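Geometric and topological summary
Here is what each chain is made of, one letter per residue.
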Amino acid sequence: MKRFGRRTFLTFVSASAALLQLSGLPAAQAQTPKNGGTLVATWGGFEPQALFVPAGGGGAPEFTSTKVLEPMLTLDSDLNFHPALATDVTPASDFLSYKIKIREGVTWHDGKPLTVDDIIFNADKYWKPVVAGPALQFYTGIKQTGPNEVTVSFSQPTPEFFFKSVLARVLVIPKHLYDGKEFATNPANNVPIGTGPFKFKEWVRGSHVAYTKNENYWNKGEPHLDNLIIRYWRDPSSRTAAMEAGELQMGVFNPVPAADIKRLVDSGKFVASSSGYLTSAWASTIEFNSRNPIVKDPLVRKAIMHAIDKNFVVDVVFSGRAKAGKSFVSSTNTKFHTGDVEQYKFDPELAKKMLDQAGYPSKNGAPRFSVKLVAAGWFPENGRIGQYVKQQLEDIGVAVELTVPDRPTSFKVIYGDYAFDIAVGNHAAPVELVPVQTNYVTTSGILKGVPFRNANGYSNPELDAVVAKLAVETDETKRTDLARQFQTILARDVPITILAEIESITVASKQVKGYEHLANVLADSWSTIWLDR
Amino acid sequence: MRRIILRRLLQAIPLILGVIVLNFALIQMAPGTMLDVITSEQQVSDPEQLEHLRRLYGMDQPSIVQLWNYILSVFRLDLGYSYRHGAPVIDVITAHLPATLILMLTSILLAAIVGVAAGVASSLKVNTIWDALISLCAVFFFAAPTFWLGIMLIIIFSVHLGWFPVGGMRTIGGDPGLFGATLDLLRHLALPAITLGLFYAAIYARVMRASMLEVQGLDFVRTARAKGLSPFRVTVAHVLRNALLPVVTLLGLQLSTVLGGSVVVEAVFNWPGIGSLMVDAVMSRNYPVVLGIFVLSACVVIVANLIVDLAYARLDPRIRAR
């Protein structure tokens, strides 16, 4: 059977766009949104542990909480910020403070008004200490400076894109429900009260979460849907069947097996799209533990990279639904990515020569050295990549002990015990590089026991200095240049790099409209989504 | 009879204690802790916050103290608190319990009726085309992977014929009333119960057939026939009653697993049962929920065994006499 790969998918999308242009219909703006109806949607993951996890909690609670709770700003797929609970965010000339105008006339779902006190509580008690501490490392305080205005202060200049990215990511929670209470166990986490376009209605564990339209939503005319239902299916094939039977209209984040996408699209009832994952682009990574003297040597790391065919990983492991990585920043990050860095083409013979040169010759068929390869078990593809890397390294004379532990064990082995020489893992990074992405490689990112930080032990003062400048440089052109330097250093030293940029797909009924422009379809409020019935 | 019940209840106390201690030890030995999962999901890096979480989850105590506290709380009928769900463990389990009980009991009932009937029919028509056909079906449903059978039933009866919903336990939204809600539940229940039931029915059919053939050849059956009893009476009153004992044993074993649910069927049909909860709890090292399910399962095993013992006594007067 012919596989439905990335190229086929892109061809299909391009052909559809061309047909729309030929017909004279602009793809997105052709129709006026219609109000009403119930959208039943799902995603490619499992049910959340709680509908809202104050400290984050991953994609599952992010999906459920963001329909009810809102951020201060939103970001679109062209990297433009739009007002949400903040109507205006203006930096001072020295970028040491920002004035934030708070939207008037907004009420929480329980009828209480959104006030300046709510925003001050969020900044002081929630954003800084709980959800965005590393991002707000230079935050010094917040105070009311007008009837509906607050001023946030920093000890160091804070770039505008950086701060607005934080405001577009963190949610605003009600002070009257969280103040003085334990965040992690607050009952409101499972019965969220927000200002968003949808009100929480019910959660039947193991089945679905239901929302109803917020009639008092501040953005008049939205949301377009009367009801939103998020259903959970553990089995991807059953999600396909549910779509075919009309029980599901939309699935985000790879809801169905790759082989089923073409069948759904060919039925003429569904469309598949890879847009909407700008700020949640997942990548498969490989990293080398600098605590091991062998893989600490950049020449060994480069040799290993020459032994791995990234295109094989893309074509075989991801069935074409991925792209070979060119630098440590994904190409989906249109603001900061550069592919103009040192590349390691697939050349096993060169890899062997480099290992000889590094002082690890192959003698009488004996291994050059042994490594412990850990493939983090949170994505099934990691195990397959691990198998492939093991095979490739053995071909160049390196003995490999491969383990694919389950999720909690992977956290412990990689980030807690550092008990690996080479690790295959993943990261999903927002557009802003500091601190989420930089924490994988900076010295300050080395925090034993904390996942998705610097587990490889790489410590380079040159790179630390670039990141430190990136965090406080307010000229966006200079920041782009610093980001290029960041990627150049990492491509040269290869403590960690991207093997494949994973392509995420949304599959939706043709009746579902209004999600095409979203930067992060999973974490958007879905107020613009409507049904063309 | 009363002695059997009393003896079984007394035996339950050390059994439950054993289940708690053994599973607690196994969980402690597993690499990675609940705190690892929570801190990874919440990106906790601040040592003070880590210490706060450790205290909040009681993980700052030595393991033996944690175990002792847990045993005390179980005997107070408190299964602890699931910090991952933000709710007491008993609430988390009981939220999934009705779905599991409905699915498992229906499928067991279906399996018992279909399996016993097929086994009896097969034994009465032994070495005929009917016997061969029933045996073939039994082997097929026993061998077919449950997820495959479930998907096939969905494709035929939900996607193509549209007779049954693809998944879930009820239609979301609307208030259909008691009668409507019952019908709606039955529509949702049909395919998962059939998928699970056919697997068990295949086992019952094979066991029942063998047991019937064995009992048919015994002396007391020949005597019953010699007395001039009708074939129907011989089959039902003498052969079937005695042949049921191995099936009752199987039924008891199956009832013991009722609380575990079926992870595969729940996943395929989006059925909100305990199987999926258990998998999630193990994967996230959510020990309070894992232990809670184990403790309740142990109770179910004890009750199921008691029911089997009572059923034996009812079916076989010799056991009652002992």
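Residues numbered from 1 in each chain as written. Chains lettered and ligands numbered in written order. Predicted model: local features only at pLDDT ≥ 70, side-chain atom pairs only at ≥ 80, totals over all residues. Heavy atoms only, no water.

1. Some points on the overall build of chain A
When helices and strands are tallied, chain A shows 15 helices and 21 strands. When the accessible surface of chain A is totalled, it reaches about 20200 Å², and 53% of it is carbon and sulfur. For chain A, the distance from the average site of its 57 positive side-chain charges to the average site of its 54 negative ones is 2 Å. (Helix = DSSP H or I, 4+ residues; strand = E, 2+ residues; numbered from the N terminus. Areas by Shrake-Rupley, 256 points an atom, 1.4 Å probe, with all protein chains shown as cover. Lys, Arg positive; Asp, Glu negative; His and termini not counted. Charge placed at Lys NZ, Arg CZ, Asp CG, Glu CD.)

2. Re the interface of chain B and chain A
In many analyses, interface size is given as the accessible surface area lost on bringing the parts together. Contacts between the two partners involve 43 residues from chain B and, on the opposite side, 44 residues from chain A. Between chain B and chain A lies a buried interface of about 3700 Å² when both sides are counted; carbon and sulfur atoms form 54% of it. Inspection of the region where chain B meets chain A yields three salt bridges. The closest approach of N and O atoms between Arg-234 of chain A and Asp-280 of chain B, which form a salt bridge, is 3.0 Å. Linking chain B to chain A there are eight residue pairs in polar contact (both at pLDDT 80 or more). Elements supplying a minimum of two residues to the side of chain B that touches chain A: helix H2 (34-42), helix H3 (47-56), helix H5 (89-124), helix H7 (146-160), helix H11 (263-269) and helix H12 (274-283) of chain B. It is H2 of chain B that contributes the most residues to the side of chain B that touches chain A, six residues altogether. Its residues assigned to classes, the side of chain B that touches chain A shows 21 nonpolar, 16 polar and six charged. (Contact = heavy atoms within 4.5 Å. Buried area = accessible area lost by both parts, 1.4 Å probe. Salt bridge = Lys/Arg side-chain N within 4 Å of Asp/Glu carboxyl O. Polar contact = N/O pair within 3.5 Å; in protein donor to acceptor, adjacent residues only side chain to side chain. Nonpolar A, V, L, I, M, F, W, Y, C, P; charged D, E, K, R; others polar.)

3. As for the pattern of salt bridges
Pairing is possible between side chains of opposite charge, provided their charged atoms come close. All names here are of chain A. One pass over the structure, following the stated rule, counts 25 salt bridges over all chains. Among the salt bridges present, the one from Glu-476 reaches Lys-335, with a minimum N-O distance of 3.1 Å. Placement of Glu-476 in helix H15 (residues 476-493) and of Lys-335 in the loop between strand S14 (322-324) and helix H11 (348-357) is noted, with a sequence separation of 141 residues between them. Two residues, Lys-412 and Asp-417, come together in a salt bridge whose shortest N-O distance is 3.6 Å. You can call Lys-412 partly exposed: its relative accessible area is 30%. (Buried < 20%, exposed > 50% of the residue type's maximum accessible area, 1.4 Å probe, protein only.)

4. Side note on the confidence of the model for chain B
Keep in mind that low pLDDT regions are not for reading the predicted coordinates in detail. Across chain B, pLDDT averages 85, with 95% of residues at or above 70. Interface confidence for the predicted complex, given as ipTM, is 0.75, next to a pTM of 0.82. (pLDDT = per-residue confidence, 0-100.)

5. Some remarks on the packing of helix H6 (residues 129-143) of chain B against helix H8 (residues 177-216) of chain B
All names here are of chain B. Where H6 contacts H8, the axes come no closer than 8 Å and their chain directions differ by 135°. Considering the angle they form, H6 stands oblique to H8. In terms of crossing hand, the pair formed by H6 and H8 is left-handed. Here H6 contributes Asp-131, Ser-135, Ala-138, Phe-141 and Phe-142 to the contact with H8, which in turn contributes Leu-198, Phe-199, Ala-202, Ile-203, Arg-206 and Arg-209. When the residues that make up the contact of H6 with H8 are grouped by side-chain class, the tally is seven nonpolar, one polar and three charged. (Axes fitted to C-alpha atoms, helices over the stretch in contact; angles between N-to-C directions. Parallel < 35°, antiparallel > 145°, perpendicular 65-115°, else oblique. Left-handed = near helix turned anticlockwise from the far one by under 90°.)

6. Focus: a nonpolar patch on the surface
Residues and elements named next belong to chain B. A surface patch of nonpolar side chains, about 480 Å² in accessible area, is lined by Leu-6, Leu-10, Ile-13, Leu-17 and Phe-75. With respect to the helices and strands, the residue Leu-10 is situated in helix H1 (residues 2-29). The class for Leu-10 is exposed, based on a relative accessible area of 56%. (Patch = residues over 30% accessible without salt bridge, like charges linked within 9 Å, V, L, I, M, F, W, Y side chains within 5 Å.)

7. Some thoughts on the nonpolar core
Residue and element names in this part refer to chain A. Core analysis: the biggest nonpolar cluster contains 85 residues, and Met-72, Ile-100, Ile-119, Trp-127, Phe-163 and Phe-486 have the highest contact counts within it. Element by element, the count of residues in this core is highest for helix H3 (residues 116-131), at nine residues. Setting aside chain neighbours within four positions, we find Met-72 in contact with Pro-83, Ala-84, Leu-85, Ala-86, Ile-100, Ile-119, Trp-127, Leu-167, Val-170 and Val-172. (Core = buried A, V, L, I, M, F, W, Y, C linked by side-chain atoms within 4.5 Å.)

8. Focus on unusual backbone geometry
Residues and elements named next belong to chain A. Put simply, Glu-222 and Pro-223 share a cis peptide bond, and its omega is 0°. At the junction of Val-434 and Pro-435, the peptide bond is cis and its omega measures out at 0° in the coordinates. Following the sequence through the fold, Pro-435 ends up in the loop between strand S17 (422-429) and helix H14 (461-472). You will see that Tyr-418, though not glycine, has its phi angle at about 55°, which is positive. Checked against the element boundaries, Tyr-418 lands in the loop between helix H13 (407-416) and S17.

9. Focus: the sheet that holds strand S16 (residues 398-403) of chain A
All names here are of chain A. Across the sheet, which stays open at both edges, the six strands sit in the order S14-S18-S13-S17-S15-S16 with mixed pairing between neighbours. The open sheet has two edge strands with one neighbour each: S14 and S16. Averaged over all pairs of adjacent strands, the angle between strand axes in this sheet comes to 30°, irrespective of strand direction. Bridge analysis of strand S13 (residues 281-288) against S17 gives eight bridges, and the strand direction is antiparallel. (Pairing = 2+ DSSP bridges.)

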